[in-house]
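Here are the chains, one letter per residue:
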Amino acid sequence: MAKYKESKDNPLHREFGTWSNTRYILKKCREYCPSALVIAAIGIVCNSVMTYFWGILGKLVIDLVQGGTEQDTVRQLILIVVAGGLGAGILQLGSIYAGSKVWYRLIYIRMQLIRERVSRALGIPYESLEKPAVLDIHERASQATGGNDNGVEGMMRLLENMGTSLVTLSVTFVSVLVLDFRLVFVLIALGLIQFAYHIYCIRKDKKNVWDKLGNTWRQLNYMERVTQDFDYAKDIRLFHLKDFLLSKQQKLFEKRWEKFDYHQNLWYSHAVVSAILFMIGKACIYGVLFYAVLNKDMTVGNFTLYFALAVAFSSSLQEFLHRFGDYRRASLEVDDFRSFMELDLGDQADAIPIPDTEEYHIEFRNVSYRYPEAEKDALSHLNLRIASGEKLAVVGLNGAGKTTMIKLLLRLYDPTEGSILLNGVDIRTYRREEYYRLFSPIFQNVEMFAFPIAENISMRPSADTDVDRAYECAVEAGLQERIDSLEKGVLTELLKVVDDKGVDFSGGEKQKLALARALYKNAPIVVLDEPTSALDAIAEQRLYQRFDRMIGDKSAIYISHRLASTRFCDRVAMFKDGEMIEYGTHEALMEAQGEYARMFELQAQYYQEQKECGQEEMQ
């Protein structure tokens, strides 16, 4: 039997093999719900015996009717019927029990594997999330945990079905062999033909449908989010994007329809071939039995028994091979899941701990970074030292390299050249999770979660959240009036996703919430990446000065394309076209009359004109 393999259209894809995936799935079953294996075993035995139980009972009844005296026949017939009915009832109850108890246990195991997948997705280096191959393998892993009959749960369910067929085959094989060994070969040959065609259909289906739909699913999910997310609602209406977005979505629907149409036609042909082969097998069984009746004096009771066993063997053989084909397909999807779960996250096993000290010095040593597929560096040969407790302003126009520098500092990216040192040690030797704890970042886009305000400030579970401290940080960040106006205070839910009474924050309140988060985390280094870009320069300067007072003697890096944050900082780093072109104190750079001084004077003149115009309008 030729082993088909998944297409190599993703460099991150790995092939583990059916046997390895079987051991993996059984391990997960034992880990999360071992009772599912016991209940499935009960179902396997009961369902297997039920396939030929009535044939055995029929033979006993027919032989008794034909061979016994009337008095003995009635008494024994009653015993057989009672015993048979009792046995059938027990088997039926066992089958019902297993069927009703195992299905939701398998779903529970899949839910735990989804939790594992989400955990891995949340732990992937940020830089990897921008790579199409990573997004694709994650989408495939999501599909592998996205339903009852595919991927991880599909393998679990198919294991039970295959187990039933395998037990039936083991019991009925000898009987069919005794009847006519040639019939065994004929039934096996028909089963293998059906299996080969089944494998062909699976391979064609996965290659031409499901692998091709990976990117389509991602695009459809994006379109669903864009067309239904409130954040996009204003732009969609003001720019008349309705028809444009619907047309894009329709094209994706048509692409999916085309693949589904191919899928249905393929499996229709499979159903026709399977039905024909099953009828041929049944005709062969009848032929052998008729021959035995005519030439070997087979009794009616034996005819009934062998017919039941032969049909059970034939059906179980085709069912086993059919399910094994599905099992191989599900195994390929588990390959997708495990490929994602076992991605190399880049952390070293021998990573050293973060030094336990009150002072952290950071140095960029000849650091460059180039985005994938980019023609030039976004940041080029940066040499910069940030001393413990220092306030550094990073300024420059949009696209100057400021945000790239911050992503490198936070180790969201790793340099393509050079190194970043923390207290003289390359930060790549530390575990990312430990390194992240050194920073309290405040980004331009402030995300809110559908949790209480206190948890949105602490960014921790409720049991680990100090509510009083969260309130104090909110007050210090300027949210006291807003929070005091709410019935539940800092315990009020944000957003209406979970709680209909949840509240939303304005843009300014979101920025204050971000400041409260930074204060609560109390990390030794604070990073503000243009969190006040929506404010005018004067309001921005006031907010920065206020926050500078709040963070005290911590290290701080202020990033802005405006120069409101520079005067109270110890040093200023001016970026342009991916390079740091000036570095020094505000006073020194102003005296140098370079790019920084020209930009500062231009912005100061602009806001002075704005102020004068405002005063004239008031007069």
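Rules used in this analysis
- Position numbers for residues start from 1 in each chain and track the written sequence from start to end.
- Note on the predicted model: pLDDT of at least 70 is required for a residue's local features to be given, and 80 or more for side-chain atom pairs to be given and counted; whole-chain, interface and lining totals, by contrast, use all residues.
- The side-chain values count all of the structure's non-hydrogen atoms but skip hydrogen atoms and water molecules.
- Patch rule: a residue counts if its relative accessible area is over 30% and it has no salt bridge; like charges are joined within 9 Å, and nonpolar side chains (Val, Leu, Ile, Met, Phe, Trp, Tyr) within 5 Å.
- Method for areas: the Shrake-Rupley scheme with a 1.4 Å probe, in which residue coverage is limited to the protein chains shown.
- When a carboxyl oxygen of Asp or Glu is within 4 Å of a side-chain nitrogen of Lys or Arg, the pair counts as a salt bridge.
- Only four residue types enter the charge count, namely Lys and Arg as positive and Asp and Glu as negative; His and the chain termini do not.
- Charge positions come from single atoms, namely NZ of Lys, CZ of Arg, CG of Asp or CD of Glu.
- Under the DSSP-based scheme used, a helix requires at least four consecutive residues in state H or I and a strand at least two consecutive residues in state E, with every element numbered from the N terminus.
- By definition, two strands form a pair when at least two bridges between them are found by DSSP.
- Nonpolar cores were defined as sets of buried Ala, Val, Leu, Ile, Met, Phe, Trp, Tyr and Cys residues, with membership established by side-chain atoms within 4.5 Å.
- Exposure is judged per residue with a 1.4 Å probe applied to protein chains only, and the accessible area is read against the type maximum: over 50% gives exposed, under 20% gives buried, and values in between give partly exposed.
- By definition, residues are in contact when any of their heavy atoms lie within 4.5 Å.
- Each residue carries a pLDDT value, the predictor's own confidence for that position, ranging from 0 to 100.
- Axis angles are defined between N-to-C directions and span 0 to 180 degrees, where every axis is a line fitted to C-alpha atoms and, for a helix, only to the segment in contact.
- Each Phe, Tyr or Trp ring, with Trp reduced to its six-membered ring, pairs with another whose centre is within 6.5 Å; inter-plane angles below 30 degrees give stacked pairs, above 60 give edge-to-face pairs, and intermediate values give tilted ones.
- The disulfide definition used here is simple: a pair of cysteine sulfur atoms within 2.5 Å.
- When describing relative orientation, an angle under 35 degrees is termed roughly parallel and one over 145 degrees roughly antiparallel, while 65 to 115 degrees is termed roughly perpendicular and anything else oblique.
- For any helix crossing, the convention is left-handed if the near helix is rotated counterclockwise from the far helix by under a right angle, and right-handed if that rotation is clockwise.
- Residue polarity is assigned by list, with Asp, Glu, Lys and Arg as charged and Ala, Val, Leu, Ile, Met, Phe, Trp, Tyr, Cys and Pro as nonpolar; anything else, Gly included, falls into the polar class.
- Multiply 1.5 Å by the residue count of a helix minus one, and that product is the helix's expected span.

## Regarding a negative patch on the surface
Link 1 in the chain: On the surface, Asp466, Asp468, Glu472 and Glu476 cluster together into a negatively charged patch.
Link 2 in the chain: With respect to the secondary-structure elements, aspartate 468 resides in helix H13 (residues 467-476).

## Considerations on the pairing of strand E1 (residues 362-369)
Link 1 in the chain: Where E1 lies against strand E2 (residues 379-386), 5 bridges are found, and the strand directions are antiparallel. Opposite tyrosine 369, over in E2, you have leucine 379 as the bridge partner.
Link 2 in the chain: Where E1 and strand E4 (residues 417-422) come together, 5 bridges link them in antiparallel fashion. The residue of E4 that forms the bridge with serine 368 is glutamate 417.

## Description of the nonpolar core
Link 1 in the chain: By size, the foremost hydrophobic cluster in this structure holds 52 residues, and its most contacted members are Ile109 and Phe337.
Link 2 in the chain: Where this core is concerned, the elements lending two or more residues are helix H1 (18-32), helix H2 (35-67), helix H3 (70-123), helix H4 (132-144), helix H5 (151-179), helix H6 (181-228), helix H8 (242-295) and helix H9 (300-341).
Link 3 in the chain: Looking at this core, the element that brings in the most residues is H9, giving 15 residues.
Link 4 in the chain: Those residues in contact with phenylalanine 337 that sit more than four places away from it in its chain are Tyr24, Leu113, Arg117, Ala141, Ala144, Thr145 and Val152.
Link 5 in the chain: One finds Ala474, Leu515, Phe547 and Val572 within the second-largest nonpolar core, a separate group that totals 45 residues.

## Concerning the confidence of the model for the chain
Link 1 in the chain: Mean pLDDT for the chain: 83, with 91% of residues reaching 70 or above.
Link 2 in the chain: Confidence scores differ between elements of the chain, with helix H18 (residues 595-618) showing the lowest mean pLDDT of 65 and E1 the highest of 95.
Link 3 in the chain: This stretch, residues 614-619, has a pLDDT under 50; its non-local contacts, to residues over four places away or in other chains, come to 0 contacts.

## Observations concerning the sheet that holds strand E7 (residues 525-529)
Link 1 in the chain: A sheet is described by the order of its strands in space; here 6 strands give the open sequence E6-E7-E8-E3-E9-E10, paired in mixed fashion. Only two strands of the sheet have a single neighbouring strand rather than two, namely strand E6 (439-443) and strand E10 (579-584). Within this sheet the neighbouring strands show an average axis-to-axis angle of 15 degrees, counted without direction.
Link 2 in the chain: Two strands pair when backbone bridges link them, and E7 and strand E8 (residues 555-560) are joined in this way by 5 bridges, in the parallel orientation. Each bridged residue has a counterpart across the sheet, and for valine 526 the counterpart in E8 is alanine 556.
Link 3 in the chain: Packed onto the sheet, helix H10 (residues 402-409) meets strand E3 (391-395), E6, E7, E8 and strand E9 (571-576) and runs at close to 150 degrees relative to E8.
Link 4 in the chain: Against the sheet, helix H15 (residues 507-521) touches E6 and E7, its axis set at about 175 degrees to E6.

## So, the packing of aromatic side chains
Link 1 in the chain: Following the criterion strictly, the structure yields 12 aromatic pairs and no others.
Link 2 in the chain: Judged by centre distance (5.9 Å) and plane angle (35 degrees), the rings of phenylalanine 195 and phenylalanine 324 are tilted. One end of the pair, phenylalanine 195, is in helix H6; the other, phenylalanine 324, is in helix H9, and 129 residues separate them in sequence.
Link 3 in the chain: For phenylalanine 195, a relative accessible area of 3% corresponds to the buried category.
Link 4 in the chain: Taken together through their ring pairs, the aromatic side chains of Tyr126, Tyr369, Tyr371 and Tyr413 make up a single cluster.

## Regarding the state of the cysteines
Link 1 in the chain: One pass over the structure, following the stated rule, counts 0 disulfides.
Link 2 in the chain: Sulfur of cysteine 33: no disulfide; nearest cysteine sulfur belongs to cysteine 29 and is 8.1 Å away.
Link 3 in the chain: Residue cysteine 33 is classed as buried on the basis of its relative accessible area, which comes to 10%.

## A closer look at the sheet that holds E4
Link 1 in the chain: Taken together, the 4 strands give an open sheet; going across it, the order is E2-E1-E4-E5, and neighbouring strands pair in antiparallel fashion. Every other strand in the sheet has two partners, leaving E2 and strand E5 (425-426) as the edge strands with one partner each.
Link 2 in the chain: Sitting on the sheet, H10 is in contact with E1, E2 and E4, with an inclination near 120 degrees to E1.

## Focus on the pattern of salt bridges
Link 1 in the chain: By the definition in use, this model includes 18 salt bridges.
Link 2 in the chain: Through salt bridges with shared partners, a single network forms among Arg14, Arg338 and Glu342.

## Details of a nonpolar patch on the surface
Link 1 in the chain: Nonpolar side chains collect at one region of the surface, where Phe173, Val174, Leu177, Val178, Phe181 and Phe185 lie side by side and expose about 590 Å² of accessible area between them.
Link 2 in the chain: Within the residue set of the nonpolar patch, elements represented by two or more residues are H5 and H6.
Link 3 in the chain: Ranked by residues supplied to the nonpolar patch, first place goes to H5 with 4 residues.
Link 4 in the chain: The residue phenylalanine 185 is located in helix H6 in this model.

## Topic: the environment of methionine 50
Link 1 in the chain: Topologically, methionine 50 is positioned in helix H2.
Link 2 in the chain: Separated by 41 residues in the primary sequence, methionine 50 and leucine 91 have C-alpha atoms spaced 6.8 Å apart.
Link 3 in the chain: Not counting residues up to four positions away in its chain, the partners in contact with methionine 50 are Ala88, Leu91 and Gln92.

## Let's talk about the packing of H8 against H9
Link 1 in the chain: With their axes 10 Å apart at the nearest point, H8 and H9 run at an angle of 155 degrees to one another. One element, H8, and the other, H9, form an angle in the roughly antiparallel class. The element H8 and its partner H9 pack so that their crossing is right-handed. Contact with H8, carried on its side by His270, Ser274, Leu277, Phe278, Lys282, Ile285, Tyr286, Leu289, Phe290 and Val293, involves Phe303, Tyr306, Phe307, Ala310, Val311, Ser314, Ser315, Gln318 and His322 of H9 and no other residues of that element.
Link 2 in the chain: Considering only residue class, the contact of H8 with H9 consists of 12 nonpolar, 6 polar and 1 charged.

## A look at H1
Link 1 in the chain: In a regular helix each residue adds 1.5 Å, so 15 residues correspond to 21 Å; H1 covers 21 Å between its end C-alpha atoms and thus fits that length.
Link 2 in the chain: Buried within H1 are the following residues: Thr18, Ser20, Asn21, Thr22, Tyr24, Ile25, Lys28, Cys29 and Tyr32.

## Considering H10
Link 1 in the chain: Among the 8 residues that make up H10, 7 are buried, leaving the element largely enclosed by the rest of the structure.
Link 2 in the chain: Within H10, burial applies to Lys402, Thr404, Met405, Ile406, Lys407, Leu408 and Leu409.
Link 3 in the chain: One or two residues past the end of H10 sits arginine 411, with phi positive at roughly 60 degrees.

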